[in-house]
Amino acid sequence: MATGINTDQELEIIKRQIAQLESAAGENDTTRKALHEIQERIEALRKQAAAEPGKFLRFAEDLVEGLKTQAGEKAGATVDVWKRVEMARHPQRPYTLDYIQNMFTDFSEIHGDRTFSDDPAMIVGMASYHGEQVLVVGTQKGRDTKQKVLRNFGMPNPDGYRKAMRAMHMAEKFGLPIITFIDTPGAYPGLGAEERGQGEAIAYNLREMSRLKVPIICTVTGEGGSGGALAIAVGNSVLILENSIYSVISPEGCASIMWRDATKRELAAEAMHIIAPELLHFGIVDEIIPEPGEGAHSDPVQMAENLDKVVSGKLKQLRKLSGEELVAQRYDKFRKMAQFFQEV
């Protein structure tokens with residue numbers, strides 16, 4: 001590297017390495033942008049290379065190695081995020097009725113919204129929990145084809161949200177805590193649901209849940225999809241299972257909007273920050289519940305025990321607050337969600 005000719009040769013080698021990295025970057029826009037900036041810097045530093053070729057070569061090599069590491073970490077993160085999405089959607093994952101069976105006794109289901117019909121996608125009922133009466137609300141998916149159709153694949157209609165709210169008002173009247181379980185791709189977007197006021201039903205639940213003067217504990221047990229999940233998730237404490245997700249839209253839906261290509265769902269999932277650790281970081285959830293073994297589906301009973309310990313503890317804490325304090329705490333909690341500062 002004593003001559004300018006050798007320096008130019010080394011520079012060409014580095015440029016080829018960067019070109020290979022650009023090809024490997026694929027859809028990773030952040031890495032591609034960084035690589036492009038480095039190419040521009042290489043061109044600007046060519047003149048300096050003749051004077052200090054060894055110094056410049058070491059500088060360029062460090063940049064290339066750094067980008068290799070960054071690209072690898074980024075790819076690994078994307079794989080990990082999508083793995084969690086798949087875990088959240090696992091067909092054997094425990095659903096609301098499983099948690100009711102393993103955590104509560106004397107469950108008595110409530111049917112109908114007193115307006116249109118009953119919605120099997122929304123489970124609502126009174127139950128005994130550690131010696132006291134509570135209201136249990138949760139979305140319910142199906143195991144086999146018949147159950148999936150009956151439960152509408154876990155996507156409630158307006159009737160389900162109105163049924164839930166009717167029961168919540170009843171719980172407030174008798175001073176009963178409310179415990180909810182969320183596992184839904186989102187509210188049902190069908191024509192009938194829209195005709196019966198899907199958006200209004202969700203908005204009404206959001207407003208009314210924020211005003212209830214009883215403890216509300218919510219747990220995202222699988223998918224927490226958009227307003228369909230939030231409509232029963234306005235609580236004093238919002239928990240999430242280790243491999244659950246919570247987002248304003250599905251990764252497929254996000255990819256279809258942003259890139260007009262649903263196959264880019266993995267990239268969308270990584271960009272949306274929908275997994276439990278990131279949700280905890282942004283203050284969307286209050287605590288992550290660890291899952292046993294290979295996931296909640298591997299041992300539903302142990303999963304229920306893990307969740308029960310946290311829910312019972314949260315309920316004891318919230319029982320110390322008055323109705324007005326519960327409302328104020330809930331309001332402050334949601335006002336502060338996702339607020340953060342970044343030093344520049």
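All values reported here derive from a predicted model rather than from experimental measurement.

A. Structural context of the pairing of strand 4 (residues 178-184). Counted residue by residue, strand 4 has seven buried out of seven residues, so it is predominantly covered. In this structure, strand 3 (residues 132-139) lies alongside strand 4, joined through four bridges in parallel fashion. Residue pairing in the sheet places Leu135 in a bridge with Ile178 of strand 4. In terms of strand pairing, strand 4 meets strand 5 (residues 216-225) through six bridges, oriented parallel. Looking at the pairing, Phe181 lines up with Thr219 of strand 5.

B. A look at the packing of aromatic side chains. The full count for this structure, using the stated rule, is three aromatic pairs. Arranged with centres 5.0 Å apart and planes meeting at 40°, the rings of Phe104 and Tyr129 form a pair that is tilted. A residue pair is termed long-range when its members are at least 10 positions apart, and Phe104 in the loop between helix 5 (96-103) and strand 1 (105-109) and Tyr129 in strand 2 (residues 122-129) qualify at 25 residues. Summarising the burial analysis for this pair, Phe104 and Tyr129 share the class buried. Pairing Phe104 with Phe181 gives two aromatic rings, centres 6.2 Å apart and planes at 85°, and the pair type is edge-to-face. Separated by 77 residues along the polypeptide, Phe104 in the loop between helix 5 and strand 1 and Phe181 in strand 4 bring together distant segments of the chain. Phe104 gets classed as buried once you look at its relative accessible area, which sits at 6%. Grouped by ring-pair contacts, the aromatic residues Tyr99, Phe104, Tyr129 and Phe181 constitute a single cluster. Residue placement shows Arg196 over the ring face of Phe116; its charged tip is 4.3 Å from the ring centre. When the ring centre of Phe334 is taken as origin, the NZ or CZ atom of Lys333, which lies over that ring, is 5.9 Å away.

C. Representation of the environment of Ser237. The residue Ser237 is located in strand 6 (residues 237-241) in this model. Among the residues examined, Ser237 registers a relative accessible area of 4% and is labelled buried. The spacing of Ser237 and Ile179 is 58 residues in sequence and 9.9 Å in space, taken between C-alpha atoms.

D. Just the nonpolar core, in detail. The biggest cluster of nonpolar side chains holds 36 residues, and the ones touching the most others in it are Val124, Leu135, Val137, Met168, Ile178 and Tyr246. Mapped onto this core, the elements with two or more residues apiece are strand 2, strand 3, helix 7 (158-173), strand 4, helix 9 (198-211), strand 5, strand 6 and helix 13 (276-281). Among the elements that take part in this core, helix 7 stands out by supplying six residues, more than any other. In contact with Val137, other than residues within four places in its own chain, are Met122, Ile123, Val124, Ala164, Met168, Ile179, Thr180, Phe181 and Ile232. Grouped together as the second largest cluster of nonpolar side chains are 24 residues, Met103, Phe181, Ile289 and Leu307 included.

E. Examining the side chain of Asn306 more closely. Tracing the sequence through the fold places Asn306 in helix 14 (residues 300-318). By relative accessible area, Asn306 is classed as buried at 15%. At a separation of 2.8 Å, a polar atom in the side chain of Asn306 contacts the side chain of Gln302. Those residues within four positions of Asn306 in sequence are excluded, and the remaining contacts are Ile289, Pro290 and Pro292.

Thresholds applied
- Throughout this description, residue numbers start from 1 for each chain and increase along the sequence as written.
- Only residues with pLDDT of 70 or above have their local features reported here, since the model is predicted, and side-chain atom pairs are shown and tallied only from 80 upward, although totals for entire chains, interfaces and linings are computed over all residues.
- Neither water nor hydrogens contribute to the side-chain values; these are computed over all heavy atoms in the structure.
- The buried label goes to any residue with under 20% of its type's maximum accessible area, the exposed label to any with over 50%, and the partly exposed label to all in between, with areas taken from a 1.4 Å probe on protein chains only.
- Only DSSP runs of H or I covering at least 4 residues are called helices, and only runs of E covering at least 2 are called strands; the numbering of each starts at the N terminus.
- For two strands to be treated as a pair, DSSP must find no fewer than two bridges joining them.
- Each Phe, Tyr or Trp ring (for Trp, its six-membered ring) is paired with any other whose centre lies within 6.5 Å, and the angle between the two planes then decides the class: stacked below 30 degrees, edge-to-face above 60, tilted in between.
- Either the NZ atom of lysine or the CZ atom of arginine qualifies as a charge over a ring when it sits within 6 Å of the ring centre and within 35 degrees of the ring normal.
- The nonpolar core is taken to be a set of buried Ala, Val, Leu, Ile, Met, Phe, Trp, Tyr and Cys residues, with the residues joined through side-chain atoms within 4.5 Å.
- By definition in these notes, contact holds between two residues if any of their heavy atoms fall within 4.5 Å.
- In the analysis that follows, any N or O atom pair within 3.5 Å is treated as a polar contact, provided that within protein one partner can donate a hydrogen and the other can accept it, and provided that, for residues neighboring in sequence, both atoms belong to side chains.

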